[in-house]
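Okay, here's what each chain looks like letter by letter:
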Amino acid sequence: MEIMTNDNWLLTVGTFLPLVGVLVMLFIPKAEEQLLKTVAVITAGATLAVGILTLFRFDYGQAEKLQFFVDVTWIEVIRSNYTIGLDGISLPLYFLSMVVTFLVIIYTWDNMPDAGNPKSFLILMLVLQVGMAGTFVAQDLILFFVFFEVVLLPMYFMIGVWGGEHRQYASLKFFLYTMFGSAFMLVAFLALFFQTGAESFSFMHLVSAGGLISNEVQVWIFAGMFLGFAVKVPMFPFHTWLPDAHTQAPTQGSVILAAILLKLGTYGFVRIAIPMLPEGARAWAPVIAILAVIGIIYGALGCLAQTDMKRLIAFSSVAHMGFVMLGISTLTTLGINAALFGMVAHGLITGMLFFVAGSVKHRYHTLEISRLSGMLKQMPRMGWILGFAAMASLGLPGLAGFWGEFPAILAAYSPGFGLNVTLFRTLMVIAAVGTVLAAAYLLWLYQRTAFGEPSPEFSGQTPHPVGAGVNADHHADHHDEIRDVTPIEWIAWTPFLVAIVVFGVYPQLMFGVMDPAVSELVARLGESLNP
Amino acid sequence: MIFAGSQSVIAQINQWVAPTIDWHALAPELVLIVGINLVLFIDLSLGAAKKWAMATLTGLVFLAAFIPVVTLAVIGDASREMFDGRYVVDGYSLILKAIFLLAAYVLVLMSQNELEEGGYYQGEFYVLMMCSVLGMVMMTSARDLIAIFVALELLSIPAYMMAAWRKRDSRSNEAGVKYYLLGVFASAVLLYGMSFLYGTTGSTKLTDIGASLVDGDLLGLQVLAVVFVLGGLAFKISAVPFHSWAPDTYEGAPTPVTAFLSVASKAAGFVALMSIVMLALAPANSVVRPMLWVLAALTMTVGNVMALRQTNIVRMLAYSSVSQGGFILMPLVVIGTGNAGDSVLRAVIVYLLIYAFMNLGAFSIVIAVARRTRSGEITSFGGLFGYAPGLAVLMTIFMASLAGIPPLGGWIAKFNVFKTVLDAGDTAAYVLALIGAVNTVIAAAYYMRVLRQVWMAPAPDGDVSPIKVPSSIQAALAITAVGTVLLGVLPGLVLRFGDITDLTGALAR
């Protein structure tokens, strides 16, 4: 892996800039809510500006190289350095994290969760952003691990303090599950370090030295990493924290969780587990693929059984991440490209769905699907946005979701490196059935919530003198209560909607960035696996 | 015969030359001795209204004792040996002396208000505390069974009394008596083991013992000796199954004393264990290693599982400190294995330092909050974030650090432990590391439960008036919080002392 050290301040600033905002906000009294929100928006905006600058300075012709590379001694004794860099694989996710955080903070402007206290809420969100961005730029295992874990506490508090009714249970479950995975992951990291001669934790060193470890040991080390990343993704048997966490988290938490946090796990597979342990990856690929497809079907069936809109979207995440993992498990350029695309697409689409769910909850104070109906009549714009996001989520060609799922399924037709073709083709068929189920649960959701007449419960039961003559008043009244999309929501959502269309119509925009890096990754795998 | 005998004694007296004493090397101990007398005498002549001055004076003595430690470290050439290499001042002992003095200083800050407001005897308390710290400081340099034993008793006996300092409270009395009885029993077991070691090797000097023991050819008595010595020390570090005194003692004793026992006194036990295992018992690895392996695995698991069930914060911290002890034991298990030797000392010392910061910090919060709530229940922390956000954030830092979440100090401590253990690289080491990994998750559950109260629960009695934190506790919190965070972000600061290759060299001489 070659490196480029141009503009090497860019990533450090982009990663840690939110902390400056945190520092400023610490000295602003809690009561100054508008000022606090302004500072948070400015900070996130400035961070995003650095992100945009990064987009411009990035050399797309050499997307397979690590750019903006920095390597400074950090903890000398344990041979861990502050090594950061960005290539085509991490750039989209790094930038996505900045966009999402910025938009979520804007959304918070007049959608503060009920528990109040925007000061702590926004501070936690900015800290979260540091952890997320840091994970995507880290090029050293220890640094990666630190950032990977930094996101834990803010998210724990975000769910636990500002979440729904069962927030305490959900937050602890989220925390312990992730902690469990990362404890084993850390042991695996250390084992990898010692097995490669205890020289360095840097990705570059480990990628070149990891392949030399004996097969059996690679399989064991991969198992440890698998636990850590699979919990985060989450993959089938480890997914049970996700519906609880998503359902209980405040809207902002759900969006960030869906859009970025889940990707830390899949990114870990692509960036760390597979390139560093090629033999381990080959041995585990069938297992991953099987679990991924179980996740697809299980998630879809789970969706069909849900009565709560947010929980349904949460289960759909399990299914979508199944497609991502299926793509990764093929170990092909096509599959991994599809997985990376699917990560971003899922982030945008499911983030959007959670936004809508949050706004619906804000207006109706319920997400019980059976109590919602006629959204298209009552607030047509919101209804259309929900429909649009649902279509994107079920993988309609022309929208972003399609390019994550279809190539992943396609890639399973011919998996790489001597993986069992029969197995993968069987899985491919089952995964394709999963897309049909996805259409079923999303369209059914849409039909139940958006079509039909608005439920009488929300369309005029307000305490009013009963009488035929006030019917018109009724109408005006509920419009007052149940507002359509607000300006703040438009600002926060438009970029999501635009991106979903743009990437759907012109996927090459992102494939072009990722492909060189992915090709090189697969080529290096080839050197280890087919010498 | 008698005449001849006494003549030879006289002849020996004539041959005896006074050992050369390196006054500079002994300066930390000497400062403490002077300080003890100073506090004792000034206390006699001081009116009750001015007793508060004792705390300040004690704090100053600890800081004064710190000065020679620093100068010695700065000069820092070779190790300074006295009494035929039985009392050694080297890098290893200097770091540990610094840790003990720093912890003692923070403990004085934590004790001050508690003692003043509780109407306890103050001067005597500080005298005892200084005696105990003197024992700890001596322990770091002791390289001889007798010296270790003397230091151990010097640090333990005052602690027995301190545990019972709330003398009209039956639970405090129970704490003192329980600690005393089991402590004395442990000392006896330890001494019994030491006598076997001396009897079979003919020396009390650790390095001589190490040279006399032959691996694979241990006498039955020597095996017994090793088991007794380790068992006796296991009491001091409250390792399972020798931990039963700890929860009751910790709960009954005044909270600053609990902090003292769970941090300083425990660390001293580890120092003794480390010196003995490294220098004397290294050849007996075939006995030491399995025993420590079992102790470590049991200690962290049982401590954690018991901590899960506690509803009292001090009891929970007591069990948590038991389980943290298990983690500190982990690197000692691999002391004689492969290339792990060098990093063992570093892992233990760094852990002890960071553990001192975070655990003292947690106890400081408990003291600060209990001043208002008058309760030791975990539920009494409910709503803390609402009415005392500063304390809540600090508690979050300490709890998260104890749970081992980066980028806080506790993480780097745990990381070092895992790294050292895995460096040994055999199956036993991997299994131990996995047990440790599972335990970090169990531990996270109960630390998070405290945070859940702090952040998410309402105040139990609806009382949300702000908490006034005395300035001395503020200072303690500042020191511990800065230490916890700084060592997490820039662990290089302390890991560097620990280029302990030269330390092990000095130790082994």
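Remember, predicted model here, so these are calculated numbers, not experimental data.

Caption draft 1: Inspection of the overall build of chain A at higher detail. A count of helical and extended segments in chain A gives 21 helices and 2 strands. Scaling as 2.2 N^0.38, a compact globule of 531 residues should have a C-alpha radius of gyration of about 24 Å, and chain A matches this with 23 Å. Across its three principal directions, the C-alpha atoms of chain A cover 85 × 60 × 40 Å. The buried share among the 531 residues of chain A stands at 67%. By sequence separation, contacts in chain A at least 24 residues apart represent 79% of the contacts at least 6 residues apart. Element-wise, carbon and sulfur atoms account for 65% of the exposed surface of chain A, whose accessible area totals about 17,400 Å².

Caption draft 2: Representation of the overall build of chain B. When helices and strands are counted, chain B shows 21 helices and 2 strands. In terms of overall dimensions, chain B is globule-like: its C-alpha atoms have a radius of gyration of 23 Å, near the 23 Å expected for 509 residues. Each principal axis of the C-alpha distribution contributes one length, and for chain B these read about 85 × 60 × 45 Å. Counting only residues that meet the buried cut, chain B has 62% of its 509 residues in that class. Across chain B, contacts joining residues at least 24 apart in sequence account for 81% of those joining residues at least 6 apart. For chain B, the exposed area adds up to about 17,700 Å²; of that, 67% sits on carbon and sulfur atoms. Between the mean site of the 28 positive side-chain charges and the mean site of the 28 negative ones, chain B shows a separation of 8 Å.

Caption draft 3: Examining the pairing of strand S1 (residues 67-75) of chain A more closely. Residues and elements named next belong to chain A. One ladder, built from 6 bridges, connects S1 with strand S2 (residues 80-86); its direction is antiparallel. Its bridge partner lying in S2, Ile-75 is registered against Ser-80. Connecting the antiparallel pair S1 and S2 is a turn made up of 4 residues, with Arg-79 showing a positive phi of about 60°.

Caption draft 4: Region of the structure containing the packing of helix H16 (residues 380-393) of chain A against helix H20 (residues 487-505) of chain A. Residue and element names in this part refer to chain A. Close contact between H16 and H20 brings their axes to 11 Å; oriented N to C, the two are set at 35°. When the axes of H16 and H20 are compared, the crossing they make is left-handed. Here Arg-381, Met-382, Ile-385, Phe-388 and Ala-392 of H16 come into contact with H20, specifically with Glu-489, Trp-490, Trp-493, Leu-497, Ile-500 and Val-501. Counted by class, the contact of H16 with H20 contains 9 nonpolar, no polar and 2 charged residues.

Caption draft 5: Quick look at helix H12 (residues 278-305) of chain A. For H12 of chain A, with 28 residues, the first-to-last C-alpha span of 39 Å sits near the 40 Å given by 1.5 Å per residue. At Trp-284 of chain A, H12 of chain A is deflected by roughly 45°, the largest bend along its length, and proline Pro-286 of chain A occurs up to four residues later in sequence.

Caption draft 6: Looking closely at the pattern of salt bridges. Residue and element names in this part refer to chain B. One pass over the full model with this rule turns up 19 salt bridges over all chains. Between Lys-97 and Glu-29 there is a salt bridge whose closest N-O contact spans 2.8 Å. Separated by 68 residues along the polypeptide, Lys-97 in helix H4 (residues 91-118) and Glu-29 in helix H2 (residues 23-44) bring together distant segments of the chain. For Glu-29, a relative accessible area of 4% translates into the label buried. The salt bridge partner of Arg-166 is Asp-169, with a shortest N-O separation of 3.2 Å. The exposure class assigned to Asp-169 is partly exposed, which follows from its relative accessible area of 21%. Among the charged side chains, a network of salt bridges with common partners joins Arg-171, Glu-174, Lys-178, Asp-248, Glu-251 and Arg-315.

Caption draft 7: Expanded view of empty space enclosed by the protein. Tallied over the entire structure, the rule returns 7 cavities of 30 Å³ or more. Taken together, 14 residues make up the lining of the largest cavity; nearest its centre are Phe-145, Ala-183 and Leu-186 of chain A together with Gly-404 and Thr-440 of chain B. Contributions of two or more residues to the lining of the largest cavity are made by helix H5 (141-150) and helix H7 (167-195) of chain A together with helix H17 (409-424) and helix H18 (427-456) of chain B. At 5 residues, the largest contribution of residues to the lining of the largest cavity is made by H7 of chain A. Tallied by class, residues from the lining of the largest cavity come to 9 nonpolar, 3 polar and 2 charged.

Caption draft 8: Structural view of the packing of aromatic side chains. For the structure shown, the criterion picks out 51 aromatic pairs over all chains. Between Trp-245 of chain B and Tyr-250 of chain B the ring centres are 5.9 Å apart and the planes differ by 90°, which places this aromatic pair in the edge-to-face class. The pair Trp-245 of chain B / Tyr-250 of chain B is uniform in exposure class, with both members buried. One residue, Lys-232 of chain A, lies across the ring of Phe-148 of chain A, its end atom 4.7 Å from the ring centre. The aromatic ring of Trp-444 of chain A is capped on one face by Arg-448 of chain A, whose charged end is 3.6 Å from the ring centroid.

Caption draft 9: A look at the layout of surface pockets. Each pocket or cavity is described by its volume, and for the largest pocket that value is around 1,400 Å³. Along the wall of the largest pocket there are 41 residues; nearest its centre are Leu-19, Val-22 and Val-127 of chain A together with Val-393 and Ile-397 of chain B. When contributions to the lining of the largest pocket are tallied by element, the ones reaching two or more residues are helix H1 (10-26), helix H4 (118-137), H5 and helix H6 (152-162) of chain A together with helix H16 (389-403) and helix H19 (471-489) of chain B. Considering each element in turn, the lining of the largest pocket owes the most residues, 7 residues, to H16 of chain B. Looking at the lining of the largest pocket residue by residue, the classes come out as 34 nonpolar, 4 polar and 3 charged.

Caption draft 10: Region of interest: the interface of chain A and chain B. At the junction of the two partners, chain A supplies 36 residues and chain B supplies 38 residues. At the junction of chain A with chain B, the criterion picks out 0 salt bridges. Linking chain A with chain B are 3 residue pairs in polar contact (both at pLDDT 80 or more), by the criterion used here. Looking at the side of chain A that touches chain B, the elements that each hand over two or more residues are S1, H4, H5, H6 and H7 of chain A. The biggest single contributor to the side of chain A that touches chain B is H7 of chain A, with 17 residues.

Caption draft 11: Examining the side chain of Lys-263 of chain A more closely. Secondary-structure assignment places Lys-263 of chain A in helix H11 (residues 251-276). Glu-405 of chain A is the oppositely charged side chain nearest to the buried, salt-bridge-free Lys-263 of chain A, at an N-O distance of 11 Å.

Caption draft 12: Up close: a nonpolar patch on the surface. Residues and elements named next belong to chain A. Residues Val-498, Val-501, Val-502, Val-505, Tyr-506 and Leu-509 make up a contiguous nonpolar surface patch of roughly 510 Å² in combined accessible area. The leading source of residues in the nonpolar patch is H20, at 4 residues. Tracing the chain through its elements places Val-502 in helix H20. A relative accessible area of 35% means that Val-502 is categorised as partly exposed.

Caption draft 13: Broad picture of the environment of Met-130 of chain B. Residue and element names in this part refer to chain B. Its location among the elements puts Met-130 in helix H5 (residues 123-141). According to the relative accessible area criterion, Met-130 is buried, its value standing at 0%. Measuring from C-alpha to C-alpha, the distance between Met-130 and Arg-166 comes to 19 Å, with 36 residues separating the pair along the chain. The residues contacting Met-130, other than those within four sequence positions of it, are Gly-35, Ile-36, Val-39, Thr-58, Val-61 and Phe-62.

Caption draft 14: Fine view of unusual backbone geometry. Residue and element names in this part refer to chain B. Each neighbour pair has its own omega, and for Val-240 with Pro-241 the value is 5°, a cis peptide bond. If you trace the backbone, Pro-241 turns up in the loop between helix H9 (220-236) and helix H10 (245-252). With omega at 5°, the peptide bond leading from Pro-406 into Pro-407 counts as cis. The residue Pro-407 is located in the loop between H16 and H17 in this model.

Rules used throughout
- Residues numbered from 1 in each chain as written.
- Chains lettered and ligands numbered in written order.
- Predicted model: local features only at pLDDT ≥ 70, side-chain atom pairs only at ≥ 80, totals over all residues.
- Heavy atoms only, no water.
- Helix = DSSP H or I, 4+ residues; strand = E, 2+ residues; numbered from the N terminus.
- Rg over C-alpha atoms; globule rule 2.2 N^0.38 Å.
- Buried < 20%, exposed > 50% of the residue type's maximum accessible area, 1.4 Å probe, protein only.
- Contact = heavy atoms within 4.5 Å.
- Areas by Shrake-Rupley, 256 points an atom, 1.4 Å probe, with all protein chains shown as cover.
- Lys, Arg positive; Asp, Glu negative; His and termini not counted.
- Charge placed at Lys NZ, Arg CZ, Asp CG, Glu CD.
- Pairing = 2+ DSSP bridges.
- Axes fitted to C-alpha atoms, helices over the stretch in contact; angles between N-to-C directions.
- Left-handed = near helix turned anticlockwise from the far one by under 90°.
- Nonpolar A, V, L, I, M, F, W, Y, C, P; charged D, E, K, R; others polar.
- Expected span 1.5 Å × (residues − 1).
- Bend = angle between axes of the 7 residues up to and from the residue.
- Salt bridge = Lys/Arg side-chain N within 4 Å of Asp/Glu carboxyl O.
- 1 Å grid on protein atoms, 1.4 Å probe; cavity = no way out; pocket = protein on both sides within 12 Å on 5 of 7 lines; lining within 4 Å.
- Points joined across faces, edges and corners; volume = space filled by probe spheres on them.
- Phe/Tyr/Trp six-rings, centres within 6.5 Å; stacked < 30°, edge-to-face > 60°.
- Lys NZ or Arg CZ within 6 Å of the ring centre and 35° of its normal.
- Polar contact = N/O pair within 3.5 Å; in protein donor to acceptor, adjacent residues only side chain to side chain.
- Patch = residues over 30% accessible without salt bridge, like charges linked within 9 Å, V, L, I, M, F, W, Y side chains within 5 Å.

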